[in-house]
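Each chain, written out:
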Amino acid sequence: MKILGKLTILLCGVLLLVFTMEFPDWGDPDSPASTHLSPYFIQHTMEDTAVPNIVTSVLADYRGYDTMFETTVILTAGLACFLLLRIERKKVPHRYYRHEPTGVTLRMEGDKFPRNSAVFQRMDANWVPYDFVISRTCRLIIPFIQIFALYVVAHGHHSPGGGFQGGVLMGASVILFAISHSLRAAIKSFSEKTAALLSVTGVFIYAGTGALCLIFGEVFLNYSALAPLFGNDRIMARSHGILMVEIGVAVAVTAVMIWIYYNLSSAGKQDEGL
Amino acid sequence: MESIFSLVLAKANYAVYIILMMVGLYAMIAKNNLIKKIVGMTIFQTAIILFYVSIGYKRGATIPILEHHASPETVAHGAEKMAAHAMDAVDVAHYINPLPHVLMLTAIVVGVATLGVALALAIKVYNTYGTVEEDEINQQLRSG
(Lines give C-alpha, C1' and ligand atoms only; values in the text may rest on other atoms or scores of the structure.)
Protein backbone atom coordinates (compact mmCIF):
# COMPACT_ATOMS: atom_id res chain seq x y z
CA MET A 1 0.00 0.00 0.00
CA LYS A 2 2.79 2.39 0.96
CA ILE A 3 4.80 1.56 -2.17
CA LEU A 4 1.70 1.87 -4.36
CA GLY A 5 0.99 5.25 -2.81
CA LYS A 6 4.56 6.47 -3.38
CA LEU A 7 4.44 5.31 -7.01
CA THR A 8 1.17 7.15 -7.63
CA ILE A 9 2.56 10.31 -6.06
CA LEU A 10 5.75 10.12 -8.13
CA LEU A 11 3.81 9.58 -11.36
CA CYS A 12 1.38 12.41 -10.61
CA GLY A 13 4.16 14.77 -9.58
CA VAL A 14 6.31 14.11 -12.67
CA LEU A 15 3.32 14.46 -15.01
CA LEU A 16 2.28 17.74 -13.40
CA LEU A 17 5.86 19.06 -13.48
CA VAL A 18 6.23 18.19 -17.16
CA PHE A 19 3.00 19.89 -18.13
CA THR A 20 3.60 23.03 -16.07
CA MET A 21 6.40 23.79 -18.54
CA GLU A 22 3.57 24.95 -20.80
CA PHE A 23 2.29 27.33 -18.13
CA PRO A 24 3.11 31.07 -18.21
CA ASP A 25 6.22 32.21 -16.35
CA TRP A 26 6.03 33.47 -12.80
CA GLY A 27 5.06 37.14 -12.72
CA ASP A 28 4.25 37.30 -16.43
CA PRO A 29 1.98 40.34 -16.95
CA ASP A 30 0.55 38.82 -20.15
CA SER A 31 -0.48 35.48 -18.65
CA PRO A 32 -4.03 34.36 -19.59
CA ALA A 33 -5.22 34.78 -16.00
CA SER A 34 -4.30 38.48 -16.02
CA THR A 35 -5.51 39.48 -19.48
CA HIS A 36 -9.23 38.73 -19.77
CA LEU A 37 -11.31 39.81 -16.78
CA SER A 38 -8.91 41.40 -14.32
CA PRO A 39 -8.04 44.49 -16.47
CA TYR A 40 -11.74 45.34 -16.48
CA PHE A 41 -11.90 45.11 -12.69
CA ILE A 42 -8.76 47.20 -12.24
CA GLN A 43 -9.87 49.95 -14.62
CA HIS A 44 -13.56 50.19 -13.76
CA THR A 45 -13.67 49.65 -9.99
CA MET A 46 -13.45 53.34 -9.18
CA GLU A 47 -16.14 54.51 -11.61
CA ASP A 48 -18.46 51.58 -10.82
CA THR A 49 -18.23 51.37 -7.04
CA ALA A 50 -15.94 54.13 -5.71
CA VAL A 51 -13.97 51.54 -3.73
CA PRO A 52 -10.18 51.77 -4.19
CA ASN A 53 -9.55 48.26 -2.84
CA ILE A 54 -10.25 46.14 -5.92
CA VAL A 55 -10.38 42.91 -3.89
CA THR A 56 -13.22 44.28 -1.76
CA SER A 57 -15.23 45.55 -4.72
CA VAL A 58 -14.86 42.27 -6.64
CA LEU A 59 -15.67 40.26 -3.53
CA ALA A 60 -18.84 42.05 -2.51
CA ASP A 61 -20.09 43.63 -5.72
CA TYR A 62 -18.94 42.02 -8.98
CA ARG A 63 -18.99 38.55 -7.39
CA GLY A 64 -21.67 39.27 -4.79
CA TYR A 65 -23.59 36.04 -5.34
CA ASP A 66 -20.43 33.95 -4.89
CA THR A 67 -19.63 35.58 -1.56
CA MET A 68 -23.22 35.27 -0.35
CA PHE A 69 -23.17 31.52 -0.90
CA GLU A 70 -19.66 31.24 0.61
CA THR A 71 -21.13 32.78 3.75
CA THR A 72 -23.95 30.26 3.55
CA VAL A 73 -21.38 27.45 3.26
CA ILE A 74 -19.71 28.70 6.44
CA LEU A 75 -23.06 28.79 8.24
CA THR A 76 -23.79 25.26 7.00
CA ALA A 77 -20.41 24.07 8.32
CA GLY A 78 -21.22 25.53 11.74
CA LEU A 79 -24.62 23.85 11.72
CA ALA A 80 -23.08 20.54 10.62
CA CYS A 81 -20.62 20.61 13.55
CA PHE A 82 -23.51 21.39 15.91
CA LEU A 83 -25.76 18.63 14.57
CA LEU A 84 -22.96 16.05 14.50
CA LEU A 85 -21.50 16.63 17.93
CA ARG A 86 -23.89 18.41 20.29
CA ILE A 87 -25.20 16.23 23.10
CA GLU A 88 -27.21 17.13 26.16
CA ARG A 89 -25.32 17.62 29.38
CA LYS A 90 -25.82 14.48 31.45
CA LYS A 91 -26.44 14.50 35.22
CA VAL A 92 -23.13 13.77 36.88
CA PRO A 93 -22.99 12.01 40.27
CA HIS A 94 -20.03 13.97 41.60
CA ARG A 95 -17.59 16.73 40.75
CA TYR A 96 -14.23 17.84 42.04
CA TYR A 97 -13.68 21.29 43.45
CA ARG A 98 -10.59 23.05 44.68
CA HIS A 99 -10.84 25.16 47.81
CA GLU A 100 -8.74 28.17 46.85
CA PRO A 101 -7.51 29.49 50.24
CA THR A 102 -6.26 26.10 51.45
CA GLY A 103 -5.61 24.29 48.17
CA VAL A 104 -7.63 21.25 49.33
CA THR A 105 -9.48 19.21 46.68
CA LEU A 106 -13.07 18.38 47.56
CA ARG A 107 -15.34 15.74 46.04
CA MET A 108 -18.94 16.89 46.07
CA GLU A 109 -21.84 14.45 45.72
CA GLY A 110 -25.39 15.09 44.57
CA ASP A 111 -26.86 17.39 41.96
CA LYS A 112 -26.42 20.76 43.74
CA PHE A 113 -22.95 22.01 42.93
CA PRO A 114 -21.50 25.36 43.96
CA ARG A 115 -20.80 27.85 41.16
CA ASN A 116 -17.29 29.02 40.46
CA SER A 117 -16.37 31.64 43.02
CA ALA A 118 -13.36 33.11 44.70
CA VAL A 119 -13.46 30.25 47.20
CA PHE A 120 -14.36 27.23 45.06
CA GLN A 121 -12.85 26.49 41.66
CA ARG A 122 -14.18 23.59 39.61
CA MET A 123 -11.64 21.04 38.45
CA ASP A 124 -12.03 19.38 35.06
CA ALA A 125 -10.71 15.97 34.08
CA ASN A 126 -7.63 17.58 32.55
CA TRP A 127 -7.30 20.34 35.11
CA VAL A 128 -4.09 22.33 35.25
CA PRO A 129 -3.20 24.91 37.91
CA TYR A 130 -4.33 28.45 37.24
CA ASP A 131 -1.66 30.32 35.28
CA PHE A 132 -1.60 33.94 36.35
CA VAL A 133 0.76 35.24 33.63
CA ILE A 134 -1.04 33.68 30.66
CA SER A 135 -4.55 34.66 31.68
CA ARG A 136 -3.61 38.26 32.57
CA THR A 137 -1.60 38.72 29.36
CA CYS A 138 -4.52 37.45 27.29
CA ARG A 139 -6.94 39.73 29.13
CA LEU A 140 -4.68 42.64 28.26
CA ILE A 141 -4.32 41.67 24.60
CA ILE A 142 -7.91 40.65 23.76
CA PRO A 143 -9.46 44.17 23.67
CA PHE A 144 -6.75 45.32 21.27
CA ILE A 145 -7.32 42.30 19.01
CA GLN A 146 -11.02 43.14 18.94
CA ILE A 147 -10.44 46.80 18.13
CA PHE A 148 -8.08 45.77 15.35
CA ALA A 149 -10.74 43.35 14.04
CA LEU A 150 -13.30 46.18 13.90
CA TYR A 151 -10.74 48.36 12.12
CA VAL A 152 -10.07 45.62 9.56
CA VAL A 153 -13.81 45.31 8.83
CA ALA A 154 -14.47 49.06 8.68
CA HIS A 155 -11.37 49.98 6.70
CA GLY A 156 -11.67 47.20 4.12
CA HIS A 157 -12.54 49.72 1.40
CA HIS A 158 -9.23 51.55 1.54
CA SER A 159 -6.69 49.06 2.89
CA PRO A 160 -6.28 45.27 2.98
CA GLY A 161 -9.18 43.95 4.99
CA GLY A 162 -12.84 43.10 4.91
CA GLY A 163 -15.51 40.96 6.48
CA PHE A 164 -13.80 37.59 6.34
CA GLN A 165 -10.49 38.74 7.82
CA GLY A 166 -12.07 40.91 10.51
CA GLY A 167 -14.55 38.19 11.40
CA VAL A 168 -11.82 35.59 11.86
CA LEU A 169 -9.81 38.01 14.04
CA MET A 170 -12.87 38.69 16.19
CA GLY A 171 -13.58 34.98 16.52
CA ALA A 172 -9.94 34.31 17.41
CA SER A 173 -10.12 36.82 20.27
CA VAL A 174 -12.97 34.90 21.92
CA ILE A 175 -11.23 31.57 21.26
CA LEU A 176 -8.08 33.00 22.89
CA PHE A 177 -10.19 33.89 25.93
CA ALA A 178 -11.57 30.34 26.05
CA ILE A 179 -8.07 28.84 25.84
CA SER A 180 -6.47 31.16 28.41
CA HIS A 181 -9.28 30.91 30.96
CA SER A 182 -11.71 28.04 30.52
CA LEU A 183 -14.40 27.01 28.08
CA ARG A 184 -17.11 27.72 30.65
CA ALA A 185 -15.84 31.26 31.23
CA ALA A 186 -16.03 31.93 27.50
CA ILE A 187 -19.51 30.42 27.18
CA LYS A 188 -20.66 32.59 30.10
CA SER A 189 -19.75 35.77 28.23
CA PHE A 190 -20.53 34.58 24.68
CA SER A 191 -23.13 31.83 24.92
CA GLU A 192 -23.83 29.17 22.35
CA LYS A 193 -27.24 30.69 21.71
CA THR A 194 -25.61 34.04 20.89
CA ALA A 195 -23.23 32.32 18.49
CA ALA A 196 -26.05 30.48 16.72
CA LEU A 197 -28.22 33.60 16.49
CA LEU A 198 -25.39 35.80 15.24
CA SER A 199 -24.28 33.33 12.59
CA VAL A 200 -27.79 33.29 11.14
CA THR A 201 -28.07 37.07 11.53
CA GLY A 202 -24.90 37.59 9.48
CA VAL A 203 -26.24 35.64 6.51
CA PHE A 204 -29.57 37.41 6.97
CA ILE A 205 -27.88 40.84 6.77
CA TYR A 206 -26.20 39.82 3.51
CA ALA A 207 -29.30 38.37 1.88
CA GLY A 208 -31.42 41.16 3.41
CA THR A 209 -29.28 43.82 1.73
CA GLY A 210 -29.94 42.05 -1.56
CA ALA A 211 -33.66 41.83 -0.84
CA LEU A 212 -33.73 45.53 0.09
CA CYS A 213 -32.50 46.30 -3.43
CA LEU A 214 -35.45 44.26 -4.74
CA ILE A 215 -37.84 46.33 -2.62
CA PHE A 216 -36.35 49.52 -4.08
CA GLY A 217 -37.22 48.16 -7.51
CA GLU A 218 -33.94 46.84 -8.93
CA VAL A 219 -32.27 43.47 -9.23
CA PHE A 220 -30.99 41.45 -6.29
CA LEU A 221 -27.72 42.79 -4.80
CA ASN A 222 -27.68 45.87 -7.05
CA TYR A 223 -26.67 48.32 -4.33
CA SER A 224 -27.27 51.38 -6.53
CA ALA A 225 -30.95 50.98 -5.66
CA LEU A 226 -30.13 51.94 -2.07
CA ALA A 227 -29.10 55.49 -3.03
CA PRO A 228 -32.30 57.09 -1.62
CA LEU A 229 -31.75 55.20 1.65
CA PHE A 230 -28.18 56.40 2.13
CA GLY A 231 -28.92 59.83 0.70
CA ASN A 232 -26.12 59.99 -1.86
CA ASP A 233 -25.51 59.24 -5.53
CA ARG A 234 -25.79 55.82 -7.14
CA ILE A 235 -22.05 55.09 -7.20
CA MET A 236 -21.38 55.98 -3.57
CA ALA A 237 -24.43 53.87 -2.64
CA ARG A 238 -22.57 50.82 -3.99
CA SER A 239 -19.68 51.58 -1.63
CA HIS A 240 -22.07 51.76 1.33
CA GLY A 241 -23.89 48.62 0.21
CA ILE A 242 -20.56 46.79 0.16
CA LEU A 243 -19.92 47.93 3.74
CA MET A 244 -23.31 46.56 4.86
CA VAL A 245 -22.58 43.23 3.23
CA GLU A 246 -19.09 43.09 4.75
CA ILE A 247 -20.55 43.65 8.21
CA GLY A 248 -22.92 40.73 7.60
CA VAL A 249 -20.02 38.51 6.55
CA ALA A 250 -17.97 39.57 9.60
CA VAL A 251 -20.82 38.78 12.02
CA ALA A 252 -21.45 35.38 10.45
CA VAL A 253 -17.75 34.38 10.34
CA THR A 254 -17.13 35.50 13.95
CA ALA A 255 -20.07 33.52 15.30
CA VAL A 256 -19.41 30.38 13.27
CA MET A 257 -15.70 30.24 14.21
CA ILE A 258 -16.62 30.47 17.91
CA TRP A 259 -19.45 27.98 17.57
CA ILE A 260 -17.26 25.39 15.81
CA TYR A 261 -14.59 25.86 18.48
CA TYR A 262 -17.06 25.32 21.34
CA ASN A 263 -18.34 22.10 19.81
CA LEU A 264 -14.97 20.68 18.75
CA SER A 265 -12.99 21.47 21.91
CA SER A 266 -15.52 19.82 24.22
CA ALA A 267 -16.68 17.07 21.80
CA GLY A 268 -20.20 18.52 21.94
CA LYS A 269 -20.68 18.56 25.73
CA GLN A 270 -19.77 22.24 26.13
CA ASP A 271 -19.03 21.63 29.76
CA GLU A 272 -15.36 20.73 29.98
CA GLY A 273 -12.86 21.46 27.28
CA LEU A 274 -9.62 23.12 26.36
CA MET B 1 22.75 25.18 -19.54
CA GLU B 2 21.92 28.69 -18.51
CA SER B 3 18.70 28.65 -20.52
CA ILE B 4 17.51 25.51 -18.72
CA PHE B 5 18.33 27.11 -15.38
CA SER B 6 16.36 30.25 -16.20
CA LEU B 7 13.50 28.13 -17.55
CA VAL B 8 13.30 26.17 -14.28
CA LEU B 9 13.56 29.35 -12.23
CA ALA B 10 10.70 30.96 -14.17
CA LYS B 11 8.41 28.06 -13.23
CA ALA B 12 9.71 27.58 -9.68
CA ASN B 13 6.36 28.55 -8.17
CA TYR B 14 4.66 25.60 -9.88
CA ALA B 15 7.32 23.20 -8.57
CA VAL B 16 6.73 24.42 -5.00
CA TYR B 17 2.99 23.95 -5.25
CA ILE B 18 3.31 20.50 -6.86
CA ILE B 19 5.68 19.29 -4.12
CA LEU B 20 3.32 20.54 -1.39
CA MET B 21 0.31 19.05 -3.19
CA MET B 22 2.00 15.66 -3.50
CA VAL B 23 2.93 15.69 0.21
CA GLY B 24 -0.74 16.27 1.00
CA LEU B 25 -1.94 13.65 -1.48
CA TYR B 26 0.49 11.07 -0.08
CA ALA B 27 -0.81 11.69 3.44
CA MET B 28 -4.37 11.26 2.20
CA ILE B 29 -3.58 7.99 0.37
CA ALA B 30 -1.06 6.21 2.54
CA LYS B 31 -1.63 7.31 6.14
CA ASN B 32 -3.66 5.06 8.38
CA ASN B 33 -4.74 7.64 10.94
CA LEU B 34 -7.81 9.72 10.06
CA ILE B 35 -6.42 12.87 11.71
CA LYS B 36 -3.24 12.56 9.61
CA LYS B 37 -5.43 12.23 6.52
CA ILE B 38 -7.19 15.47 7.49
CA VAL B 39 -3.83 17.18 7.97
CA GLY B 40 -2.85 15.94 4.50
CA MET B 41 -6.05 17.38 3.07
CA THR B 42 -5.21 20.76 4.62
CA ILE B 43 -1.70 20.68 3.11
CA PHE B 44 -3.24 19.87 -0.27
CA GLN B 45 -5.60 22.82 0.12
CA THR B 46 -2.71 25.13 1.04
CA ALA B 47 -0.90 24.07 -2.15
CA ILE B 48 -3.92 25.05 -4.25
CA ILE B 49 -4.13 28.42 -2.46
CA LEU B 50 -0.43 29.10 -3.12
CA PHE B 51 -0.92 28.13 -6.77
CA TYR B 52 -3.75 30.63 -7.22
CA VAL B 53 -1.95 33.45 -5.42
CA SER B 54 1.19 32.89 -7.51
CA ILE B 55 -0.91 33.06 -10.70
CA GLY B 56 -2.08 36.52 -9.71
CA TYR B 57 1.40 37.96 -9.41
CA LYS B 58 2.75 40.37 -12.05
CA ARG B 59 6.37 41.42 -12.16
CA GLY B 60 6.90 44.94 -10.81
CA ALA B 61 3.27 45.37 -9.78
CA THR B 62 1.87 46.40 -6.41
CA ILE B 63 -1.09 45.27 -4.30
CA PRO B 64 -4.53 45.69 -5.94
CA ILE B 65 -5.52 48.85 -4.07
CA LEU B 66 -5.80 51.89 -6.34
CA GLU B 67 -3.77 54.91 -5.37
CA HIS B 68 -6.17 57.54 -4.17
CA HIS B 69 -6.08 60.73 -2.19
CA ALA B 70 -9.30 61.68 -0.45
CA SER B 71 -9.04 65.45 -0.28
CA PRO B 72 -11.87 67.40 1.41
CA GLU B 73 -13.23 68.69 -1.92
CA THR B 74 -13.63 65.19 -3.45
CA VAL B 75 -15.49 64.06 -0.34
CA ALA B 76 -17.74 67.11 -0.56
CA HIS B 77 -18.48 66.64 -4.24
CA GLY B 78 -19.32 62.98 -3.96
CA ALA B 79 -18.31 59.90 -5.84
CA GLU B 80 -18.78 61.06 -9.41
CA LYS B 81 -16.03 63.61 -9.17
CA MET B 82 -13.86 61.11 -7.28
CA ALA B 83 -14.42 58.55 -10.04
CA ALA B 84 -13.63 61.08 -12.73
CA HIS B 85 -10.50 62.00 -10.81
CA ALA B 86 -9.42 58.38 -10.54
CA MET B 87 -10.10 57.68 -14.22
CA ASP B 88 -7.13 59.84 -15.21
CA ALA B 89 -4.73 56.93 -15.48
CA VAL B 90 -5.18 53.41 -14.17
CA ASP B 91 -2.28 51.37 -15.49
CA VAL B 92 -3.31 47.71 -15.52
CA ALA B 93 0.30 46.51 -15.37
CA HIS B 94 0.80 48.48 -12.17
CA TYR B 95 -1.59 46.38 -10.07
CA ILE B 96 -1.52 42.61 -9.58
CA ASN B 97 -4.49 40.50 -10.63
CA PRO B 98 -7.14 40.85 -7.88
CA LEU B 99 -9.29 37.90 -8.91
CA PRO B 100 -7.20 35.02 -7.44
CA HIS B 101 -6.94 36.97 -4.19
CA VAL B 102 -10.72 37.27 -3.96
CA LEU B 103 -11.21 33.57 -4.63
CA MET B 104 -8.57 32.47 -2.14
CA LEU B 105 -9.73 34.92 0.54
CA THR B 106 -13.05 33.10 0.76
CA ALA B 107 -11.44 29.68 0.19
CA ILE B 108 -9.23 30.07 3.27
CA VAL B 109 -12.13 30.84 5.60
CA VAL B 110 -14.38 28.20 4.05
CA GLY B 111 -11.44 25.78 4.34
CA VAL B 112 -11.22 26.41 8.08
CA ALA B 113 -14.97 25.85 8.48
CA THR B 114 -14.94 22.60 6.50
CA LEU B 115 -11.85 21.47 8.45
CA GLY B 116 -14.05 21.87 11.53
CA VAL B 117 -16.65 19.57 9.98
CA ALA B 118 -13.94 16.99 9.12
CA LEU B 119 -12.67 17.05 12.72
CA ALA B 120 -16.24 16.74 14.02
CA LEU B 121 -16.69 13.62 11.87
CA ALA B 122 -13.39 12.26 13.23
CA ILE B 123 -14.62 12.80 16.82
CA LYS B 124 -17.85 11.01 15.90
CA VAL B 125 -15.89 8.06 14.44
CA TYR B 126 -13.77 7.92 17.59
CA ASN B 127 -16.88 7.88 19.79
CA THR B 128 -18.37 5.03 17.76
CA TYR B 129 -15.32 2.79 17.21
CA GLY B 130 -12.95 3.90 19.95
CA THR B 131 -10.15 4.53 17.45
CA VAL B 132 -9.22 6.72 14.49
CA GLU B 133 -6.91 4.10 12.90
CA GLU B 134 -8.40 3.04 9.60
CA ASP B 135 -7.35 -0.65 9.67
CA GLU B 136 -8.81 -1.13 13.16
CA ILE B 137 -12.10 0.41 12.05
CA ASN B 138 -12.16 -1.89 9.00
CA GLN B 139 -11.47 -4.89 11.24
CA GLN B 140 -14.36 -3.97 13.51
CA LEU B 141 -16.65 -3.49 10.52
CA ARG B 142 -15.73 -6.89 9.05
CA SER B 143 -16.03 -8.82 12.30
CA GLY B 144 -19.21 -7.22 13.51
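From a predicted model like this one, the values you see are computed outputs, not experimental measurements.

Moving on, we get to the packing of helix α2 (residues 38–49) of chain A against helix α3 (residues 54–62) of chain A. Residues and elements named next belong to chain A. At a minimum axis distance of 10 Å, the contact between α2 and α3 shows a crossing angle of 75°. Classified by the interaxial angle, the pair formed by α2 and α3 is roughly perpendicular. Across the interface between the two elements, Y40, F41, I42, H44, T45, D48 and T49 of α2 pack against I54, S57, V58, D61 and Y62 of α3. Across the contact of α2 with α3, the residue classes tally to six nonpolar, four polar and two charged.

Residues and elements named next belong to chain B. By the assigned domains, chain B splits into domain 1 (2–57 + 97–143) and domain 2 (58–95). Residue-level contacts link four residues of domain 1 with five residues of domain 2. If you sort the residues of domain 1 by the area they bury against domain 2, Y57, N97 and P98 come out on top, with a joint share of 88%. For the pair domain 1 and domain 2, the number of links is zero salt bridges. For the pair domain 1 and domain 2, the interface holds zero residue pairs in polar contact (both at pLDDT 80 or more).

Residues and elements named next belong to chain A. Here we have three strands laid out as an open sheet, ordered β2-β1-β3, and antiparallel in their pairing. Here the strands that pair on one side only, and so sit at the sheet edges, are β2 (104–109) and β3 (120–123). For this sheet the average axis-to-axis angle between neighbouring strands, irrespective of direction, equals 35°. In this structure, strand β1 (residues 94–99) lies alongside β3, joined through four bridges in antiparallel fashion. In the strand pairing of β3, R98 is matched with Q121.

In terms of nonpolar packing, the biggest core is built from 41 residues, with I74, F164, Y206, Y223 and V253 of chain A touching the most fellow members. Contributions of two or more residues to this core are made by α2, α3, α4 (64–85), α8 (192–215) and α10 (234–265) of chain A together with α5 (98–129) of chain B. Shared between two domains, this core takes at least three residues from each, and those domains are domain 1 (2–57 + 97–143) and domain 2 (58–95) of chain B. Those residues in contact with Y223 of chain A, other than ones at most four positions away along the chain, are A60, D61, Y206, T209, C213, A237, R238, G241, I242 and V245 of chain A. Listed in part, the twelve residues of the second largest apolar core include A178, I187, F190 and Y261 of chain A.

With that out of the way, let us pick up a positive patch on the surface. Judged by side-chain charge, K2 and K6 of chain A together with K31 and K36 of chain B come together as a positively charged surface patch. Its place among the elements puts K31 of chain B in the loop between α2 (12–30) and α3 (34–55).

What follows deals with the packing of α3 of chain A against α5 of chain B. Between α3 of chain A and α5 of chain B, whose axes approach to 9 Å, the crossing angle comes to 60°. Comparing the axis directions of α3 of chain A and α5 of chain B gives the class oblique. Every pair of crossing elements has a handedness; the one defined by α3 of chain A and α5 of chain B is right-handed. For the pair α3 of chain A and α5 of chain B, contact is made by I54, V55, V58 and L59 of chain A and by P98, L99, H101, V102, L105 and T106 of chain B, respectively. By residue class, the composition of the contact of α3 of chain A with α5 of chain B is eight nonpolar, two polar and no charged.

Moving on, we get to the packing of aromatic side chains. All names here are of chain A. In this structure the tally under the stated criterion is twelve aromatic pairs over all chains. When the centroid spacing of 5.8 Å and the interplanar angle of 45° are considered together, the rings of Y65 and F220 count as tilted. Placement of the pair is Y65 in helix α4 and F220 in the loop between α8 and α9 (227–230), with a sequence separation of 155 residues. You can call Y65 partly exposed: its relative accessible area is 46%.

How each quantity is defined
Residues numbered from 1 in each chain as written. Chains lettered and ligands numbered in written order. Predicted model: local features only at pLDDT ≥ 70, side-chain atom pairs only at ≥ 80, totals over all residues. Heavy atoms only, no water. Axes fitted to C-alpha atoms, helices over the stretch in contact; angles between N-to-C directions. Helix = DSSP H or I, 4+ residues; strand = E, 2+ residues; numbered from the N terminus. Parallel < 35°, antiparallel > 145°, perpendicular 65-115°, else oblique. Contact = heavy atoms within 4.5 Å. Nonpolar A, V, L, I, M, F, W, Y, C, P; charged D, E, K, R; others polar. Domains from an automatic or database assignment. Buried area = accessible area lost by both parts, 1.4 Å probe. Salt bridge = Lys/Arg side-chain N within 4 Å of Asp/Glu carboxyl O. Polar contact = N/O pair within 3.5 Å; in protein donor to acceptor, adjacent residues only side chain to side chain. Pairing = 2+ DSSP bridges. Core = buried A, V, L, I, M, F, W, Y, C linked by side-chain atoms within 4.5 Å. Buried < 20%, exposed > 50% of the residue type's maximum accessible area, 1.4 Å probe, protein only. Patch = residues over 30% accessible without salt bridge, like charges linked within 9 Å, V, L, I, M, F, W, Y side chains within 5 Å. Areas by Shrake-Rupley, 256 points an atom, 1.4 Å probe, with all protein chains shown as cover. Lys, Arg positive; Asp, Glu negative; His and termini not counted. Charge placed at Lys NZ, Arg CZ, Asp CG, Glu CD. Left-handed = near helix turned anticlockwise from the far one by under 90°. Phe/Tyr/Trp six-rings, centres within 6.5 Å; stacked < 30°, edge-to-face > 60°.

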